[in-house]
Every structure is written in C-alpha cells, then in structure tokens.
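Architecture at a glance
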Amino acid sequence: MAKHIYVHIPFCIRKCDYCDFYSVSQCEKKISSYFDALMREIEITQVVDDTNDDDIDTVYFGGGTPSVPDSRLICDCLVRIIDKFDIKTNAEITIECNPASVNRQKFEDYKRAGFNRVSIGIQSLNDETLKTLGRLHNRDRAIEAIREAKEVGFTNISADLMLGIPGQTLDEVTTNAKLLVELGVTHVSMYSLIIEEGTKFYDRYVDTLEDYMPQELERQMYHSLRSYLEENGITPYEISNCGVISIHNTSYWKGYEYYAFGPASSGFIQNKRFTHMRDLDNYINVLLSDEPNLTRVIEIDEELTKEDKMHEYAMLMLRTSYGIVESEFIRRFGTEVLNVFSEEIENLLGKGLIIHQDGTYVLSSKGLDFANEVFREFV
C-alpha cells in the first residue's frame, strides 16, 4: 500500500565538502529539461490501487537542493502530482531548502502551491563551522531564512544540525540549539558527521578525524543537544529527530511503501525496492525520448519476503521512540516478536542496549551510543 511520495531534485549551487548524496552543480541549462523529464516520469507511472484507502499521506521534495530551481518549476511539479494522485487534504507536503538558495518570494510560492512543511539545511549557526563544511550561507542568512518561512505562514519548520565537525565545541552546539528554540522551529534533525568515501572530507579527515573530534566529545554533543531540545518541548522521537513528527520520514521506519521520482531516488512498491539510475543526462534522454520506458531508468533491487519485512521492521523501529511494539508486530506479521527474535532480544537485553516496558522494546540510553550494534542483530 503506497501512501507516500518522494521527489529527488538533484541540483546544487556547489556540492558541500562532506556530502555524498547524488547531486550535480553548474548545470543550470539542464534544469528545465530535467523537470520536463520528471513530469514525464510522473505521467507514465502506474498508480498502485490495491486497497480502499490509497490517498497519499505525504509528499517530500528532497535533494540535492530543491530550492535551487525556479520555484515555478517546483510548484508546477507539485501540481502535477496532486493532479495524478489522490492527495489527502491534510497531507504533509515538505520541501527541503538551503538558506543560500531560498528567499521570501520562493517561500511564498511554495506556500501558495500547497507545501506546508519546510526543512532548512542550517547545519550550524557558527560561521567558522559553516566554512569548514563548505556551506554557502552564514549564520545571519540561516536565521533570516527561518524568519522568512515563519513570516509567510509556515508553522511546521524543521532545521538540520550537524555534530562532530572538526573545530566544533560543545558550547557551540548548545548555543545553536538555544537559538533555534528561540526562533520557533518545530523540528530539529541532528546528524553526526560521517566521513564518506569520494568526498573532500574523506581526503581531508579519513585518518585524522579522531584527532580533531574525539568520539567522547561527539557523544557528549549528541546527548547534550537531545536533552536540551527535550527540556524545551522539542521531544526526541527517533535517534536523529526531535519535535513535531515527520510523517514522511516515519513512514520509512515503519516499512510503508512509497513512490519515488528522479535520478538516484529509491522507492518501495508492491514489496519491491527499486532505485533510479544515478545519471542525470541519461535520465533526461530516456524520459524525453519518443518511447520513454521506466525499465530503462529504474532497477529492481530486491523483492522483500515476509521474513525480510520482519527484520527491517525490528531494526528500523528500534531507531524510534515507539520501538518494537509487541501488539503491532502480531497485527502485521501474525506472530509474536519473541517467536522470531528471541535470541537477538535476549542478547540485547543482557547487554543493556534495549529495555522492555509496557509491551515495547526500545533502545536504552546506552543503546543510543551503540545503535549500530543493535541494528546488526536484525540484518
């Protein structure tokens, strides 16, 4: 049952030094053609209709940087999606924005088109840290972007923060959180820096990150930020997310199916996971040809069995504050969780990485720091 839609906008002004997401820069001349191709993919996609309630709950424009293209192209794409699919009147419709490429007029256009949630890539409110990351905006522009979003009427505003950046301090992280609370954001995503192969950060820090940022300090930053946000009403509901719950992101953790559009985007329809080619030019050429064929831009990665779904559900739900709910597991899979994962759960309980309370298994405080060890039990 597919009730969610993800749209990938692969354009950036400049790729950040730490980023390994699929994106392209200095491709302004290709933007218009890309949206023509994207519209074509949406047009020829078959709508899955296998229940009595197929209305779409969420639409999410991610990237890349969706705020780089002209807002008219973004808004026209959303209109096409609304025309194609049955979107619930109260659906969560999100667009990711970068402070350097968004402005008040774009926020107004997004709001008018139907977007009701914005996710702003702040990363830090310290100018030196932003320079280290290779970001194009500064502290003042980030603050201004949040204020612009509020002024045009957005009430569901998320901000991204990064932790464990070389040169970053604990005081800086706390100051960032305090300012975001004062600015009235409703959601904070907090991500620890990961050194990805193929990035400038990999060349710069792959063997030396611990020298610049000891793991103990990064963990202290994480727990301090999480605690401060919770104390100020932005409650954690997932390892990296706090505040007003993102329905779209939660759908991934709950294992729901979703459509995906655009190069490098991944979707999940009728038990099949699929991925689009990571090639902007080929994506455009195939979809704008006389005979566009989705099989030429999409590859089926795997078809999930019931056993696969049980493993994914257990692993992903342990990321969240909901945890593995015993009654929900029975409802979805027709068996008790201990019939499937008794050994894994006993092992994790013994190590103090999860706890059992009120019919639910959730990560312990210790488990938050060793989450990957927990997840490996269910792979």
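Residues numbered from 1 in each chain as written. Predicted model: local features only at pLDDT ≥ 70, side-chain atom pairs only at ≥ 80, totals over all residues. Heavy atoms only, no water.

For any two helices packed against each other, the geometry is given by the interaxial angle and the distance between the axes. Running from N to C, helix 1 (residues 28-44) and helix 11 (residues 280-287) point in directions that differ by 55°, and their axes come no closer than 9 Å. Classified by the angle their axes make, helix 1 and helix 11 are oblique. When you trace helix 1 past helix 11, the crossing you get is left-handed. In contact with K30, S33, Y34, A37, L38, R40, E41 and I44 of helix 1, helix 11 contributes L280, D281, Y283, I284 and L287. The class makeup of the residues in the contact of helix 1 with helix 11 is 8 nonpolar, 1 polar and 4 charged. (Axes fitted to C-alpha atoms, helices over the stretch in contact; angles between N-to-C directions. Helix = DSSP H or I, 4+ residues; strand = E, 2+ residues; numbered from the N terminus. Parallel < 35°, antiparallel > 145°, perpendicular 65-115°, else oblique. Left-handed = near helix turned anticlockwise from the far one by under 90°. Contact = heavy atoms within 4.5 Å. Nonpolar A, V, L, I, M, F, W, Y, C, P; charged D, E, K, R; others polar.)

Working definition: two side chains of opposite charge can pair if their charged atoms are close together. Inspection of every chain in the model, using the stated rule, returns 21 salt bridges. Here E128 ties to K131 by a salt bridge, and the two come within 3.6 Å at their closest N and O atoms. Remark: K131 and E128 occur in helix 4 (residues 127-133); sequence separation between them is 3 residues, near one turn of the helix. Comparing E128 with K131 shows no difference in burial state: the two are exposed. For E303, the salt bridge is made with K272, and the minimal N-O distance between the two is 3.9 Å. Of the two residues, E303 sits in strand 14 (residues 298-303) while K272 sits in strand 13 (residues 272-276), which places them 31 residues apart along the sequence. It is possible to trace a salt-bridge network through shared partners that takes in K3, D57 and K88. (Salt bridge = Lys/Arg side-chain N within 4 Å of Asp/Glu carboxyl O. Buried < 20%, exposed > 50% of the residue type's maximum accessible area, 1.4 Å probe, protein only.)

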